[in-house]
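Take a look at the letters that make up each chain.
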Amino acid sequence: MPTLGGPDGHGNWGACDPAEPANRRTRSSIVIEAPDGRRLLVDAGPDLRAQFLAAGIARIDAVLFTHAHADHIMGIDELRAINRLIGRPLPVFATAETLAVLRRRFDYAFLPPTPGFYRPCLEPVPVRAGEALTVAGIALTLLRLDHAVMETLGLRADGFAYCTDVVRVPPETLEALHGLDTWVVGCFQRQPHKVHADLATVLGWVERLRPRRTVLTHMSHDLDYAMLRRTLPPGVEPGRDGLVLEIGGAEDAQALDSIAPGR
């Protein structure tokens, strides 16, 4: 994703080729679709409306927030369209700490519903790392991740796991990630970073866990799509906006954004 104010007036693309469409990245978010068609949205960043339109997604049944950084929550106002469609408050799952931030920043979204849902209406459901639960027909185990400035939530659903915004994976979470088919994991840049995992760190996790397929997400402009396709080891690939992953032949994890940088 380019940053503003580059010397050419078109933003700073870093190591990324601006002519490569897969380098045009929106903020990280996924939708997981259950066999019965129900959908779980994971995070609601500021690009949410454009992501839904591009992916042809009109309905979701619940939201899970991994943490409360702006690039993961600032699309909350766009959820009012979902309220109108489903005709009821939308359940949102998050830790008590994340829900407290959401209530401060979006207090109006937690008030009783209004006729026509002119504002979003959310129903908070507190959860914690290590908890197993079923959301929108999807059996999940929530995972603790270290983002340096806070703990974030990852998730595992059968053979699929999603872990964004992580710099260190706690031992109990590494243990819970064994036996994966597909792992979508945050990988920010090539050099070490204070709050995000770098490429060498992620590849070390992959070597230890050996999932069949690993997809890198939450990437900065240091990681060019074509370069990664050429140099990553077998079974590891860069994500891209709109990527659809078929999980175990039964569930789809549809990436609204598989590759965006952020906090």
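All figures in this text were calculated on a predicted structure; none of them were measured in a lab.

With respect to the sheet that holds strand E10 (residues 182-186)
- Strand order in the open sheet formed by seven strands is E6-E7-E8-E9-E10-E11-E12, with mixed pairing between adjacent strands. Since the sheet does not close on itself, it has two edges, and those belong to strand E6 (132-135) and strand E12 (236-238), each with one partner. The average angle at which neighbouring strand axes cross in this sheet is 25 degrees, direction not considered.
- With four bridges connecting them, strand E9 (residues 160-163) and E10 associate as parallel partners. The residue bridging Tyr-162 from the neighbouring strand is Val-184, located in E10.

Considerations on the UniProt feature "domain: Metallo-beta-lactamase" (unreviewed entry) in the protein chain
- UniProt marks residues 26-205 with the feature "domain: Metallo-beta-lactamase" (unreviewed entry), using the numbering shown here.
- Between the C-alpha atoms that bound residues 26-205 there is a distance of 25 Å. The span itself is 23% helix and 28% strand.

Examining the environment of Ala-34
- Position of Ala-34 among the secondary structure elements: in the loop between strand E1 (29-33) and strand E2 (39-42).
- Relative accessible area serves as the criterion here: at 3%, Ala-34 is assigned to the buried category.
- For the pair formed by Ala-34 and Leu-209, sequence separation is 175 residues and the distance between their alpha carbons is 25 Å.
- With residues near it in sequence (within four places) discarded, Ala-34 still touches Ala-136, Gly-137 and Ile-138.

Re the pattern of salt bridges
- For the structure shown, the criterion picks out 12 salt bridges.
- Residues Asp-36 and Arg-38 are paired through a salt bridge, measuring 2.8 Å at the closest nitrogen-oxygen approach.
- You can call Arg-38 partly exposed: its relative accessible area is 37%.
- Put simply, Glu-131 and Arg-128 hold a salt bridge, and the shortest N to O gap is 3.9 Å.
- A relative accessible area of 21% means that Glu-131 is categorised as partly exposed.
- Salt bridges linked by common partners bring Arg-144, Glu-151 and Glu-172 together as one network.

Notes on unusual backbone geometry
- Of note, the phi angle at Asp-43 is positive, near 75 degrees, even though the residue is not glycine.
- On the secondary structure map, Asp-43 appears in the loop between E2 and helix H1 (48-55).
- Even without glycine at this site, Phe-117 takes up a positive phi of about 50 degrees.
- Here Phe-117 shows up in the loop between helix H4 (96-105) and strand E5 (122-126).

Thresholds, definitions, all that
Residues numbered from 1 in each chain as written. Predicted model: local features only at pLDDT ≥ 70, side-chain atom pairs only at ≥ 80, totals over all residues. Heavy atoms only, no water. Pairing = 2+ DSSP bridges. Helix = DSSP H or I, 4+ residues; strand = E, 2+ residues; numbered from the N terminus. Axes fitted to C-alpha atoms, helices over the stretch in contact; angles between N-to-C directions. UniProt positions renumbered as here; feature names shortened; annotations may be inferred. Buried < 20%, exposed > 50% of the residue type's maximum accessible area, 1.4 Å probe, protein only. Contact = heavy atoms within 4.5 Å. Salt bridge = Lys/Arg side-chain N within 4 Å of Asp/Glu carboxyl O.

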